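Here is what each chain is made of, one letter per residue.
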Amino acid sequence: MPTNGQHAAGAGALLAILRDGRARTRGELARLTGLSRSTVSQRLDGLIGSRWVVESESGISSGGRPAAVFAFNGAARVVLAADVGATRARLAVLDLGLNVLAEQVASLPVELGPERVLGGVADGFRELLAAAGRDAGQVCGVGVGLPGPVEHRTGRPVNPPIMPGWDGFAVPEWLRSRLGAPVLVDNDVNVMALGEHWAARPAVDHLIYIKIGTGIGCGIISGGGLHRGARGAAGDVGHIRVPASEAPCRCGNSGCLEAVAGGASMAAALRAAGIEARGSKDVVALMRAGDLRATRLVRQAGREVGAVMAAIVNFFNPSVIVIGGDVAEAGEQVLAGVRETIYSRSLPLATQHLAIRAGALGDRAGVVGAAVMVVEHVLAPASIDRAAGA
């Protein structure tokens with residue numbers, strides 16, 4: 001059985017070094033890993049054979065032939081990523097450098113049930129692969145975010161409030177049988193947090209991502225990694241009770257944050273006032289058009305979210321809070337409400353260097369994060385070592 005040191009210097013460790021984007025010579029890799037040049041060459045041959053690494057000449061010479069350099073091949077494979085929301089799904093094909101090669105937004109309401117929604121996802125992926133000039137044999141994995149609780153170990157939804165027919169459905173197995181690649185599934189806000197953390201990397205170790213859309217959810221980055229909790233339920237802030245509210249929530253309880261400040265609740269309040277609004281995007285559109293009722297609702301939603309987040313700031317002490325989801329498109333109106341309550345109710349030490357900002361990736365946070373989840377799994381040193389027989 002290999003020691004920790006031997007394992008750390010396997011083919012996977014070489015690939016991990018090269019994934020920073022810098023090309024390196026055999027000599028540099030030998031110095032970084034402590035391996036002999038012959039061992040480095042042997043392991044590089046395996047990585048080149050699998051197309052994870054490409055070789056070229058550096059153009060730098062001390063009088064003889066230029067040294068060969070080796071670089072990570074971000075085009076070696078592609079990842080399929082799906083961010084399935086309450087009313088629509090964003091699908092994308094990305095390379096291993098997380099560049100989007102092709103994408104589409106499909107009208108796939110999650111209430112249609114797993115087979116119809118996932119069938120639409122699979123069909124969309126096939127169309128996008130063709131558009132990107134790739135084929136199914138180049139897919140190294142599929143990442144999916146779902147708008148409800150997901151047991152991380154199995155990738156199956158567990159009692160999701162807005163997903164009739166999805167409870168316990170074998171999402172990874174169903175998709176893998178049709179796409180022929182490994183499938184990883186997580187809660188949509190978790191994958192969005194992964195995407196925004198990747199966009200902010202490598203400086204942020206403690207980040208909270210809040211999605212304010214039809215519902216409200218939270219993804220937690222702790223110590224540089226995603227915190228899922230014991231079963232994958234961490235971050236379900238949308239169902240924290242708001243004091244003095246009895247608003248009915250779709251989860252069956254009353255007074256939940258989502259029932260008070262979610263996009264669906266704001267749209268319902270506008271409809272009750274005689275203003276047509278089907279969902280959170282309509283609320284934001286009305287606010288941008290100058291509707292005072294919509295503006296007040298968005299600002300108050302920010303305050304309500306901020307009140308819950310103030311307690312979490314005191315408890316978790318993040319360095320960054322990222323606001324995403326449809327309602328985040330309201331910009332400063334929602335951000336100001338969140339900031340107002342957090343800064344007034346959290347401890348000064350916890351907010352001294354706290355940044356509260358809108359997401360950098362916008363609507364792409366979910367597909368980028370789903371791809372991050374797959375890439376980190378497929379290219380983990382242990383996974384590469386197993387594939388290489390190291």
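An unreviewed UniProt entry lists the protein chain under the name ROK family protein, from Nonomuraea monospora.

With that settled, consider the layout of surface pockets. A water-sized probe rolled over the atoms picks out the places where empty space is left. Here the second largest pocket is characterised by a volume of approximately 320 Å³. The wall of the second largest pocket is formed by 14 residues, among which L194, H197, G224, V372 and E376 lie closest to the centre. Those elements that place two or more of their residues in the lining of the second largest pocket are α7 (188-200), β13 (225-226) and α14 (365-378). Here the residues of the lining of the second largest pocket sort into seven nonpolar, four polar and three charged.

It is worth spelling out the sheet that holds strand β4 (residues 78-84) at this point. Strands sit in the order β6-β5-β4-β7-β10 across an open sheet of five strands; the sheet is mixed. Each edge of the open sheet is held by one strand with a lone partner, namely β6 (100-106) and β10 (183-187). Geometrically, the sheet is characterised by an average inter-axis angle of 15° between neighbouring strands, direction not taken into account. Across the sheet, helix α6 (residues 171-179) lies against β4, β7 (139-146) and β10, angled at about 145° from β10, the strand it touches most. Of the strands in this sheet, β4, β7 and β10 are in contact with α7, which crosses β10 at around 100°.

Quick look at the packing of aromatic side chains now. Applying the stated criterion across every chain yields a total of one aromatic pair. A centroid spacing of 6.5 Å and a plane angle of 50° characterise the contact between F169 and W174, whose relative ring orientation is tilted. In this pair, the class of F169 matches that of W174, namely buried. Here the basic side chain of R77 rests over the ring of W52, its NZ or CZ set 4.3 Å away from the ring centre. Lying across the ring of W174, R178 places its NZ or CZ 3.6 Å from the centre.

Thresholds applied
- Within any chain, residue numbers begin from 1 and follow the written order of that chain's sequence.
- Only residues with pLDDT of 70 or above have their local features reported here, since the model is predicted, and side-chain atom pairs are shown and tallied only from 80 upward, although totals for entire chains, interfaces and linings are computed over all residues.
- Water and hydrogen atoms were dropped before computing side-chain values, which therefore reflect all heavy atoms in the structure.
- Using a grid of 1 Å spacing that covers the protein atoms alone, one calls a set of points a cavity when a 1.4 Å probe fits there but cannot get out, and a pocket when the set is open and has protein on both sides within 12 Å along at least five of seven lines; lining residues are those with an atom within 4 Å of a point.
- Grid points are joined across faces, edges and corners, and a volume is the space filled by probe spheres set on the points.
- Where helices and strands are cited, they refer to DSSP runs of H or I of at least four residues and of E of at least two residues respectively, numbered from the N terminus.
- Gly is placed with the polar residues, together with every amino acid not listed as nonpolar (Ala, Val, Leu, Ile, Met, Phe, Trp, Tyr, Cys and Pro) or charged (Asp, Glu, Lys and Arg).
- Paired strands are those between which DSSP finds at least two bridges.
- In this description, a line fitted to the C-alpha atoms serves as the axis of each element, helices being fitted only across the stretch in contact, and the angle between N-to-C directions of two axes falls anywhere from 0 to 180 degrees.
- Note on definitions: a residue-residue contact is assigned when non-hydrogen atoms from the two residues lie within 4.5 Å.
- We call Phe, Tyr and Trp rings a pair once their centres come within 6.5 Å, taking the six-membered ring for Trp, and we label the pair stacked below 30 degrees between planes, edge-to-face above 60, and tilted otherwise.
- We call a residue buried when its accessible area falls under 20% of the maximum for its residue type, exposed when it is over 50%, and partly exposed in between, using a 1.4 Å probe and counting protein chains only.
- Remark: a charge is flagged as sitting over a ring if the NZ atom of Lys or the CZ atom of Arg is within 6 Å of the ring centre and within 35 degrees of the ring normal.

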